[in-house]
Amino acid sequence: MSKPRVPIWIVLGLALTLSLVLSMFAGHGDLYDSALWSTFLQLRLYRFFASFLAGGALAVGGVLVQGLFRNPLASPSLIGTSAGATLGGAMVLLVFDIYLVKRVPWLPAELLLPLGCLTGALMALVILLTIAGPQPDRTSLLLIGFILSSLFLSLGGLLSSLAQENWELGRAMLVFTLGGVDAKGARHIALALPMIVGGLIYGLAWASHLDVLLTGDDEASTLGVEIYAVRRWIVIWTAVLTAAAVTLGGNVSFVGLIIPNMLRRYLGPIHRPLLLAAFLGGGCFVAFADVLVRLLPTRGQIPLGVVTSLVGAPIFLRLLMMYTAERERI
Amino acid sequence: MGGGGLTMESLSVRLACGHIVIKDVSLRCERGHITGLIGPNGAGKSSLIKGVLGLLRVSGLLQLDGDNVTEFSSIQRAKKLAYVPQQSRVEGDLMVQQVVDQGRFVHRSPMVRPSRLDREITSRSLEAMGLKLDPMRRFRELSHGEQQRVLLARALATEATTILLDEPTASLDVRQALVLHRHLHSLKVRGYCVVVVLHDLNEVKQLADHVVLLHRGKVERAGTADEVITRQPIIDVYGVELVERGGIVFSLPET
């Protein structure tokens, strides 16, 4: 911990305000055109909320899995949960297009998407825990996570190639796999919001359990933590949060890793302030990334997940080097 | 706190894989005494402690002050039995105060911050261990001796009056070990039931009132240190000769 707490909350407040303002003004189209003003504002507001909530959910999920594995390098994208959720979502899109759209025409795909993402995320976490055990070392966790992510993304790629016959479906699946919040509306937000609020409330309510869990399962158990209950609920809520984030923004990487780790340097390891700050920080990070997506001078829009990865990967490598150096020092 | 303590009768402890590591052990660890568990590597000392703490499955009778420990919820158990590991696996940059606060976890609602009473108890626990540390210091930056005393302070903060320690002096120098002995002795005088796993037989003689020699998951011998650490059981269990030549004894200065 290197700095007092008050400034970080001010910084986050300013970041939130700035990201909201930039989100409103960034992009093609003239906001001052009175005929289009309300439409633009509405679309950009939806886009801001979708990106903010997706980022907040992923960062909160990151704090929870880092607490679960007692490993600061765990995050939904690195341990395969995001890829699992993306695969689940892609399967729903495909099944919906091939099978359900004709048979149940009144059923919108958005309603099923969170369910598919949740199933995928849960499946990924259960497979990881089955293979790696409850407290895998850092290398095993990252390796197994990498393998699972690769597997799920490859399966997602396979589904995408199957979907290429239908151009619209193929594009939707591509956007979903690479991340993006364009075309997200009130219905997506309304579906994801309760999942994210639930995950945040759970995290805040159980934060003191996670604090004690920092001493390891055995010690925490003798101090009164019900390990299996905490573990089970963290797995479930991490899956819910990841599913909500993927529903809103597709596969957006590195948020759950870099935001909690950067904030931990200022706030320390205690989970309650960390969770709140991660929600705000993760939200602002993805909202800024989405502004960047709109501002970068490219022919088409760069996928959101590509931007977060371009920013996140170097920060991740830097964090990895810092942790390795600290390990050697102590 | 007079009388009472831990009672085990025909107690067996098994690992998660089902392997039995302690078989039909019967022993008593009284309040106001320090009970030393000794034995070679793999004798089952740490497993016995973990069984008592509910970290491993047990069968048989296990009572604390007449109450059946196996019927305790994890909260009840944490309020009555405290654990000090050989070395804590504390992750992250937890500070001394935060580590000792963990001892109050079981006494407060998860949503509530530590109260004034919690703060008083944690300060008292740190004082009882003679620790004049900055509570904002990082736990990982402390010496092993200071870490052990912080962990003991955390155990005191739980207000449990039965404390189980697993090789607490294994990585301490002679002075730090003697300081820890003095604190354990003061707990004993205050009526605590102290159970400590030890490797050093000289240390056991200095520290423990009651010694239990474990071998292959069974009690080989129990009694005072002079009764247990004798030639034949030591040959039988450790396969070494016991040679008494006076030796060197260390003590802390009076001041």
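Residues numbered from 1 in each chain as written. Chains lettered and ligands numbered in written order. Predicted model: local features only at pLDDT ≥ 70, side-chain atom pairs only at ≥ 80, totals over all residues. Heavy atoms only, no water.

Quick notes on the overall build of chain A
(1) Moving on: Of the regular secondary structure elements, chain A holds 13 helices and zero strands.
(2) Moving on: If you list the helices and strands of chain A from N to C, you get α-α-α-α-α-α-α-α-α-α-α-α-α.
(3) Moving on: For 330 residues, the compact-globule estimate of 2.2 N^0.38 gives 20 Å, and the C-alpha radius of gyration of chain A, at 20 Å, lies within 12% of that figure.
(4) Moving on: By principal-axis analysis of the C-alpha atoms, chain A measures approximately 60 × 45 × 35 Å.
(5) Moving on: Scored against the burial criterion, the 330 residues of chain A give a buried share of 57%.
(6) Moving on: Look at the contacts in chain A between residues 6 or more apart in sequence, and 80% of them connect residues 24 or more apart.
(7) Moving on: Summed over its atoms, the accessible surface of chain A is roughly 14200 Å², and 72% of this surface lies on carbon and sulfur atoms.
(8) Moving on: Side chains of chain A carry 21 positive and 16 negative charges; the gap between the two charge centres is 3 Å. (Helix = DSSP H or I, 4+ residues; strand = E, 2+ residues; numbered from the N terminus. Rg over C-alpha atoms; globule rule 2.2 N^0.38 Å. Buried < 20%, exposed > 50% of the residue type's maximum accessible area, 1.4 Å probe, protein only. Contact = heavy atoms within 4.5 Å. Areas by Shrake-Rupley, 256 points an atom, 1.4 Å probe, with all protein chains shown as cover. Lys, Arg positive; Asp, Glu negative; His and termini not counted. Charge placed at Lys NZ, Arg CZ, Asp CG, Glu CD.)

A few points about the packing of aromatic side chains
(1) Moving on: In total, this model carries six aromatic pairs over all chains according to the counting rule given.
(2) Moving on: Among the aromatic residues, those joined into a ring-pair cluster are Phe48, Phe49, Phe52 and Phe279 of chain A. (Phe/Tyr/Trp six-rings, centres within 6.5 Å; stacked < 30°, edge-to-face > 60°.)

Thoughts on the nonpolar core
Note on soluble globular proteins: their nonpolar side chains tend to be buried together.
(1) Moving on: Phe69, Ile196 and Leu263 of chain A are the most contacted members of the largest nonpolar core, which has 97 residues in total.
(2) Moving on: Per-element tally for this core: the top contributor is helix 2 (residues 37–69) of chain A, with 14 residues. (Core = buried A, V, L, I, M, F, W, Y, C linked by side-chain atoms within 4.5 Å.)

Structural notes on the sheet that holds strand 1 (residues 5–14) of chain B
Residue and element names in this part refer to chain B.
(1) Moving on: Across the sheet, which stays open at both edges, the four strands sit in the order 2-1-4-5 with antiparallel pairing between neighbours. Of all the strands in the sheet, the pair left with one neighbour each is strand 2 (20–30) and strand 5 (67–68).
(2) Moving on: Looking at chain direction, strand 4 (residues 57–64) and strand 5 are connected through two bridges and run antiparallel. Within strand 5, the position partnered with Leu64 by the bridge is Asp67.
(3) Moving on: Against the sheet, helix 1 (residues 45–52) engages strand 1, strand 2 and strand 4, with an angle of about 110 degrees to strand 1. (Pairing = 2+ DSSP bridges. Axes fitted to C-alpha atoms, helices over the stretch in contact; angles between N-to-C directions.)

Points about the interface of chain B and chain A
(1) Moving on: Across the contact, 29 residues belong to chain B and 28 residues belong to chain A.
(2) Moving on: The junction of chain B with chain A conceals about 2500 Å² of combined surface from both sides, 55% of it contributed by carbon and sulfur atoms.
(3) Moving on: By the criterion of area lost to chain A, the three top residues of chain B are Arg89, Glu91 and Phe105 of chain B, representing 26% of everything that side buries.
(4) Moving on: For Glu219 of chain A, the salt bridge goes to Arg154 of chain B, with nearest N and O atoms at 2.6 Å.
(5) Moving on: Our count for the contact surface shared by chain B and chain A stands at three residue pairs in polar contact (both at pLDDT 80 or more).
(6) Moving on: No other element matches the three residues that helix 2 (residues 74–80) of chain B contributes to the side of chain B that touches chain A.
(7) Moving on: Among the residues forming the side of chain B that touches chain A, the class breakdown is 15 nonpolar, seven polar and seven charged. (Buried area = accessible area lost by both parts, 1.4 Å probe. Salt bridge = Lys/Arg side-chain N within 4 Å of Asp/Glu carboxyl O. Polar contact = N/O pair within 3.5 Å; in protein donor to acceptor, adjacent residues only side chain to side chain. Nonpolar A, V, L, I, M, F, W, Y, C, P; charged D, E, K, R; others polar.)

Concerning helix 6 (residues 174–189) of chain B
Residue and element names in this part refer to chain B.
(1) Moving on: Between its first and last C-alpha, helix 6 extends 23 Å over 16 residues, near the 22 Å set by a 1.5 Å rise per residue.
(2) Moving on: Taken as a whole, helix 6 has its buried residues at Ala177, Leu178, Val179, Leu180, His181, His183, Leu184, Leu187 and Lys188.
(3) Moving on: Each element contacted by the buried residues of helix 6 is listed here: strand 3 (33–38), helix 4 (116–128), helix 5 (144–157), strand 7 (162–166), strand 8 (193–197) and helix 7 (201–207).
(4) Moving on: Structurally, the start of helix 6 carries an N-cap: the backbone nitrogen of Arg175 is 3.1 Å from a side-chain oxygen of Asp173.
(5) Moving on: Just downstream of helix 6 lies Gly191, where phi reads positive at about 95 degrees. (Expected span 1.5 Å × (residues − 1).)

Looking at the pattern of salt bridges
Residue and element names in this part refer to chain B.
(1) Moving on: Enumeration over the complete set of coordinates arrives at 15 salt bridges over all chains.
(2) Moving on: Between Asp93 and Arg140 there is a salt bridge, with its nearest N and O atoms 3.0 Å apart. Of this pair, Asp93 sits in the loop between strand 6 (81–84) and helix 3 (96–101) while Arg140 sits in the loop between helix 4 and helix 5, placing them 47 residues apart in sequence.
(3) Moving on: Residue class for Arg140 comes out partly exposed when judged on its relative accessible area of 22%.
(4) Moving on: With its nearest N and O atoms 2.9 Å apart, the salt bridge here joins Glu241 to Arg231. One end of the pair, Glu241, is in the segment after helix 9 (231–238); the other, Arg231, is in helix 9, with ten residues separating them in the sequence.
(5) Moving on: Residue classification places Glu241 among the partly exposed residues on the basis of a relative accessible area of 47%.
(6) Moving on: Salt bridges sharing partners connect three or more residues here, namely Asp93, Arg138, Arg140 and Glu141.

Focus: the environment of Ser73 of chain B
(1) Moving on: Within the secondary structure, Ser73 of chain B is located in the loop between strand 5 and helix 2.
(2) Moving on: Sequence separation of Ser73 of chain B and Gly54 of chain B is 19 residues, and the distance between their C-alpha atoms is 9.7 Å.

Thoughts on the pairing of strand 1 of chain B
Residues and elements named next belong to chain B.
(1) Moving on: Of all ten residues making up strand 1, seven are buried, and the element is well covered by its neighbours.
(2) Moving on: As defined by bridge partners, strand 1 adjoins strand 2 across seven bridges and the pair is classed as antiparallel. Bridge pairing in strand 2 links Thr7 to Arg28.
(3) Moving on: Linking strand 1 back to strand 2 in an antiparallel pair, the connection comprises five residues, with Gly18 at a positive phi of about 100 degrees.

Let's talk about the sheet that holds strand 7 of chain B
Residue and element names in this part refer to chain B.
(1) Moving on: Strand order in the open sheet formed by six strands is 6-7-8-3-9-10, with mixed pairing between adjacent strands. The open sheet has two edge strands with one neighbour each: strand 6 and strand 10 (218–223). Neighbour-to-neighbour, the strand axes of the sheet open up by a mean angle of 20 degrees, direction not taken into account.
(2) Moving on: Packing of helix 6 onto the sheet brings it into contact with strand 3, strand 7 and strand 8, and relative to strand 3 it is tilted by some 130 degrees.

A few points about the side chain of Glu167 of chain B
All names here are of chain B.
(1) Moving on: Looking at where Glu167 falls in the secondary structure, it is placed in the loop between strand 7 and helix 6.
(2) Moving on: One buried charged residue, Glu167, remains without a salt bridge, the closest side chain of opposite sign being Lys45 at 5.1 Å.
(3) Moving on: Non-local contacts of Glu167, meaning those with residues more than four positions away in its chain, are made with Gln86, Val197 and His199.

Remember, this is a structural readout, not a statement about activity or role.
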